Amino acid sequence: MSKKKKHEDHEEHIDETWLIPYADLLTLLLALFIILFASSQLDSKKYDSIMRSLNNAFTGGEAPFAMSNLIPIDDAANSTKNNFKNQNPPSKEENKIESQLATKLQKEEKDLEELKKSMDAFIKENSMSEQLTTKLDNEKLTITISDRALFDSGSATIKQESQKLATSMSNLLGQYPGYEVEVAGHTDNIPIHRADFETNWDLSAKRAVNFMKLLLVNTKIQPASYSSVGYGEYRPIAENATTEGRAKNRRVEVSILRNIKATDEIAK
């Protein structure tokens, strides 16, 4: 009887040895997902930290995941990029073009900075800071002239006393040939009531043309590089709801356009 009972107890015992490889498998999967997650973050410091933690957790040291054998993600990408460049070095012709582009860009930047300084000096000497402003950006040098510095209200005829301004600006522009120049007229949004101008577009366009004609008096200026446009009320720089805002919007802008954008990247 005792043998039979002992045999039955043995048959009822459940074999749990499968739990060990199952637990190992889950642990390895967890480690894999942690590594994948860390890699996707492109953060080499976080990646190194996680790898060290895994090493300590699984091995108590540096053996299987030894950090000295790992290449940080950013370094690997840079290494691949550099290898690609080394395999495809620029030709002599490409180097020549890049050098020429860099020289032109440097000269253009110098020209526009000098022109801006000269214009700023003229503004200061003639106490016209409230009527004229200059701005140099990645696309152009813009000289903004208030309408009251050039015209009477509702008129496209340039004031006699404004001839000095036009002549001085023309002389300055003549020193820097080779640039496209756009003269643009702008108005506020108050409808015009004159027989000679049906809309603000007509007024702004005529003002731009008349001022451009004065600039072209300088024989050093190439007319083919100049153009005029009237934007009317549709490109305001201030709110038309106030008197001050409308005064800012009534303006003529002379824009010296860059041939090479300052944001253009020179291939290396």
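Shown above is the structure to which this text applies.
In this text the structure is predicted, and so the values were computed from the model without any measurement.

## Overview of the overall build of the protein chain
The secondary structure content of the protein chain amounts to eight helices and five strands. Along the protein chain, from the amino end to the carboxyl end, the secondary structure elements read α-α-α-α-α-β-β-α-β-α-β-α-β. Out of the 268 residues in the protein chain, the part that is buried amounts to 32%. Counted over contacts in the protein chain with a minimum sequence separation of 6, partners at least 24 positions apart contribute 68%.

## Concerning the packing of helix α6 (residues 163–174) against helix α7 (residues 200–215)
Following both chains from N to C, one finds α6 and α7 inclined at 60°, their axes separated by 8 Å at the closest point. It follows from the interaxial angle that α6 and α7 lie oblique. For the pair α6 and α7, the contacting residues are Gln-163, Ala-166, Met-169, Ser-170 and Leu-173 in the first and Phe-211, Leu-214 and Leu-215 in the second. Across the contact of α6 with α7, the residue classes tally to six nonpolar, two polar and no charged.

## Quick notes on the pattern of salt bridges
In this structure the tally under the stated criterion is nine salt bridges. When the shortest N-O distance is used, the salt bridge between Arg-258 and Glu-109 registers 2.8 Å. Within this pair, whereas Arg-258 is found in the segment after β5 (251–257), its partner Glu-109 is found in helix α5 (residues 92–125), the two being separated by 149 residues in sequence. For Glu-109, a relative accessible area of 25% puts it in the partly exposed group. Here Asp-188 and Arg-250 are joined by a salt bridge, their closest N and O atoms 2.7 Å apart. One end of the pair, Asp-188, is in the loop between β3 (181–186) and α7; the other, Arg-250, is in the loop between α8 (243–249) and β5, and 62 residues separate them in sequence. Residue classification places Arg-250 among the partly exposed positions, given a relative accessible area of 25%. One connected set of salt bridges, linked through shared partners, spans Asp-147, Asp-188, Arg-207 and Arg-250.

## Thoughts on the pairing of β3
For β3, the tally of buried residues reaches five of six residues, placing the bulk of the element in the interior. Summarising the sheet, β3 and strand β4 (residues 226–232) pair through six bridges and their orientation is parallel. Looking at the pairing, Gly-185 lines up with Gly-230 of β4. Taken together, β3, α7 and β4 form a β-α-β motif whose crossover is right-handed. As judged from the six bridges shared by β3 and β5, these two strands associate in the antiparallel manner.

## Focus: the pairing of strand β1 (residues 132–136)
Relative to strand β2 (residues 140–146), β1 is paired through five bridges, and the arrangement is antiparallel. Across the sheet, residue Thr-133 finds its bridge partner in β2, namely Thr-144. The hairpin turn running from β1 into β2, its antiparallel successor, is three residues long.

The rules behind these values
- Within any chain, residue numbers begin from 1 and follow the written order of that chain's sequence.
- pLDDT decides what is reported in this predicted model: residues at 70 or higher carry local features, side-chain atom pairs at 80 or more are listed and counted, and totals for whole chains, interfaces and linings draw on all residues regardless.
- Heavy atoms throughout the structure, all of them, feed into the side-chain values; hydrogens and water do not.
- Put simply, DSSP H or I for four residues or longer makes a helix, DSSP E for two residues or longer makes a strand, and each gets a number counted from the N terminus.
- When accessible area is computed with a 1.4 Å probe and restricted to protein chains, residues below 20% of their type maximum are described as buried, those above 50% as exposed, and intermediate ones as partly exposed.
- A contact between two residues is defined here by any heavy atoms of the two lying within 4.5 Å.
- Axis angles are defined between N-to-C directions and span 0 to 180 degrees, where every axis is a line fitted to C-alpha atoms and, for a helix, only to the segment in contact.
- For this classification, under 35 degrees means roughly parallel, over 145 means roughly antiparallel, 65 to 115 means roughly perpendicular, and everything else is oblique.
- Here the nonpolar group is Ala, Val, Leu, Ile, Met, Phe, Trp, Tyr, Cys and Pro; Asp, Glu, Lys and Arg are the charged ones; every other residue, Gly included, is treated as polar.
- Should a side-chain nitrogen of Lys or Arg be within 4 Å of a carboxyl oxygen of Asp or Glu, the pair is scored as a salt bridge.
- When DSSP finds at least two bridges between two strands, those strands are taken to pair.
- Here the term right-handed applies to a crossover when the path leading from its first strand over the helix to its second strand runs clockwise, the strands being oriented away from the viewer.

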